[in-house]
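# Inside the fold
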Amino acid sequence: MICQECHQRPATLQFTKIINGKKTEVMICEKCAQEKGDIFMDAGGPGFSINNLLAGLLNMESNIQQTKANAFPKTEERRCPHCHRSYKEFVHVGKFGCAECYKTFNEQLNPILKRVHSGNTAHIGKIPKRIGGTIYLRKQILDLKEMLKTHINQEEFEKAAEVRDKVRSLEKRYEALEGGEES
Amino acid sequence: MSLEKFVENALSSWMSAEGPEIDIVLSSRIRLARNFEDFTFPTSFSSDEAKKIIELVKKRIEEEVTPEIGKLELLEIDQLQPLEKRVLVEKHLISPHLVEESAKSACLLSENEEISIMINEEDHLRIQCLMSGLQLKETLKIANVLDDWIEESIDYAYDEERGYLTSCPTNVGTGLRASVMMHLPGLVLTQQMNNIIPAINQLGLVVRGIYGEGSQALGNIFQISNQITLGKSERDIVEDLTSVVQQIIAQERSARDALVRTSHIQLEDRIFRSHGILSNARIIETKEAATCISDVRLGIDLGYIKDISKSILNELMILTQPGFLQKYAGGPLKSHERDIRRAALIRERLNFTESTSS
């Protein structure tokens, strides 16, 4: 059997893909499998799930990086200071070890999230009431400060003054809340 | 134990209650994934940490959530018999993964089984709410009440930019998975399902058969859920899913109408044959049972069969699972014994609804 992709090398792998109930079988060689980026390499076993798929997706990322001739040699070695998980381990299981991992591997995270969440990288939605109280305020303040800048740039000083007052009052509330939490 | 009593004990409220669009939508489910701050995720934590998390939750549930929700009962998975675990899985109250991690895991159940909170599954908490029919918004409301109530005393792992942090990046952001279980015999019989599934996928939603990922749709039952959890608000996720589900409901209804109009006698024949099998078979496998139950349920919805209650599909779907059969039998059964037991249970069940309704 010759590889159905390159029609040159002998096929060593058989892929059975079932996408939405449609079954397709492909016989290809190892090289094409890697090039095609089909990540069902070690699939077929029981318990194949979204996480395996994801692990495959992440693996592709690191494959690309490897081919860039050690341009990012440190990503493989970096470990999360809290749970000691390495990026490689994360890629292997497709799961993070702790909340800190999100910070540790922040650089690699955006492309992954984009792919999984159709282009989104930032949360819109619920903010926890208690711990999120100040986060919400801070977000508002940041937004207003942006507005302030544009008003000043466009020389709309009256509007700018209004916004500035709002920012001040919010900042006061913010400081009060922060102080309250610390005491 | 009499079957009646057994059934009564076996059913969760979503199976017998009557929700909106109940002829097509069996249930609505909301799941929120949450983790505690400063603890490693269950994928890599120690048994000590696992215990601490269970203790924290235990302390919290000594109080009543709200008068409507009442108190939650804590089950340590380790303490359960293998059969009991299996039954909880078959009722979709806990996941097979939680059972695998028995030593470290626990779950909280409300009395009517509308609420189940898995502890130390893939994430520290998986808050799940299940209601009958299409009522995702209401279900989300309850999940939010629980979420806020827990957050009152426990700090969640939350990041301003990324939202609720979860073990798997596929859940990060809202941590919300909304899903709906639908009975779609009309679309399957008219062979429209193969066109509809890709269309649904393009909207960022996932369709699967009910029993696990990638499994065939047993008994024409499909589960539809959101894939994206990041960059979309909870409300939008639920509203988008609801509107897609309403479209599918409309399509299913028109498929059923078309079937009745064009092949009335064939349909009637099929339904009553299935009814015949269920009321007379002495040996029946899961697959055949599921197909026949689906036909009978369609017969009830379309008015061909009048003396059986609608909830029969929900009930039998769960009751004919291996775990339940063995629990009913009072001990482990071999596969062929289960097929005999399944046939007996279905016959009895059909008989007692017929005798109680006449």
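In this report, we go over the structure that sits alongside the text. (Residues numbered from 1 in each chain as written. Chains lettered and ligands numbered in written order. Predicted model: local features only at pLDDT ≥ 70, side-chain atom pairs only at ≥ 80, totals over all residues. Heavy atoms only, no water.)

## Remarks on the packing of helix H10 (residues 286–301) of chain B against helix H11 (residues 312–319) of chain B
Residues and elements named next belong to chain B.
- Direction vectors running N to C along H10 and H11 enclose 170°, while the axes themselves pass 9 Å from each other. The orientation of H10 relative to H11 falls into the category roughly antiparallel. Both H10 and H11 take part in a crossing whose hand is right-handed. Contact with H10, carried on its side by Ile293, Ser294, Arg297 and Ile300, involves Ile312, Leu313, Asn314 and Leu316 of H11 and no other residues of that element.
- When the residues that make up the contact of H10 with H11 are grouped by side-chain class, the tally is five nonpolar, two polar and one charged. (Axes fitted to C-alpha atoms, helices over the stretch in contact; angles between N-to-C directions. Helix = DSSP H or I, 4+ residues; strand = E, 2+ residues; numbered from the N terminus. Parallel < 35°, antiparallel > 145°, perpendicular 65-115°, else oblique. Left-handed = near helix turned anticlockwise from the far one by under 90°. Contact = heavy atoms within 4.5 Å. Nonpolar A, V, L, I, M, F, W, Y, C, P; charged D, E, K, R; others polar.)

## Side note on the sheet that holds strand S8 (residues 176–183) of chain B
Residues and elements named next belong to chain B.
- Here we have eight strands laid out as an open sheet, ordered S2-S3-S4-S5-S1-S8-S10-S9, and antiparallel in their pairing. Of all strands in the sheet, those with a lone pairing partner are strand S2 (73–76) and strand S9 (205–209), marking the two edges. Taken over all neighbouring pairs, the strand axes of this sheet differ in orientation by 20° on average, direction set aside.
- Bridge count for S9 against strand S10 (residues 221–226) is five bridges, and the pairing is antiparallel. Each residue of the ladder has a partner; that of glycine 209, found in S10, is phenylalanine 222.
- Packed on one face of the sheet, H11 meets strand S1 (25–34), S8 and S10 and runs near 55° to S1. (Pairing = 2+ DSSP bridges.)

## Notes on the pattern of salt bridges
- According to the stated counting rule, one finds 30 salt bridges over all chains in the structure shown.
- Among the ionic pairs, A:Arg79 bridges to A:Glu89, the shortest N-O distance being 3.7 Å. Within this pair, whereas A:Arg79 is found in the loop between helix H3 (74–77) and helix H4 (87–93), its partner A:Glu89 is found in helix H4, the two being separated by 10 residues in sequence.
- For A:Glu89, a relative accessible area of 35% translates into the label partly exposed.
- Put simply, B:Glu152 and B:Arg60 hold a salt bridge, and the shortest N to O gap is 3.2 Å. (Salt bridge = Lys/Arg side-chain N within 4 Å of Asp/Glu carboxyl O. Buried < 20%, exposed > 50% of the residue type's maximum accessible area, 1.4 Å probe, protein only.)

## Notes on helix H12 (residues 322–329) of chain B
Residue and element names in this part refer to chain B.
- Burial runs high along H12: six of the eight residues are buried.
- Listed in full, the buried residues belonging to H12 are Pro322, Gly323, Phe324, Leu325, Gln326 and Tyr328.
- In the segment just after H12, glycine 330 is the residue with positive phi, at about 85°.

## Regarding the packing of aromatic side chains
- This structure, assessed with the given rule, holds eight aromatic pairs over all chains.
- Where B:Phe36 meets B:Phe39, the ring centres are 6.3 Å apart and the plane angle is 70°; that geometry is what we call edge-to-face.
- On the basis of relative accessible area, B:Phe36 is assigned to the buried category, the value being 1%.
- Judged by its relative accessible area of 15%, B:Phe39 falls in the buried class.
- Aromatic pair B:Tyr156 and B:Tyr164: ring centres 6.1 Å apart, planes at 75°, arrangement edge-to-face.
- Counting every residue linked through ring pairs, the aromatic cluster contains A:Tyr87, A:Phe90, A:Phe96, A:Tyr102 and A:Phe105.
- The lysine or arginine in question, B:Arg60, covers the ring of B:Trp149, its NZ or CZ lying 4.3 Å from the ring centre. (Phe/Tyr/Trp six-rings, centres within 6.5 Å; stacked < 30°, edge-to-face > 60°. Lys NZ or Arg CZ within 6 Å of the ring centre and 35° of its normal.)

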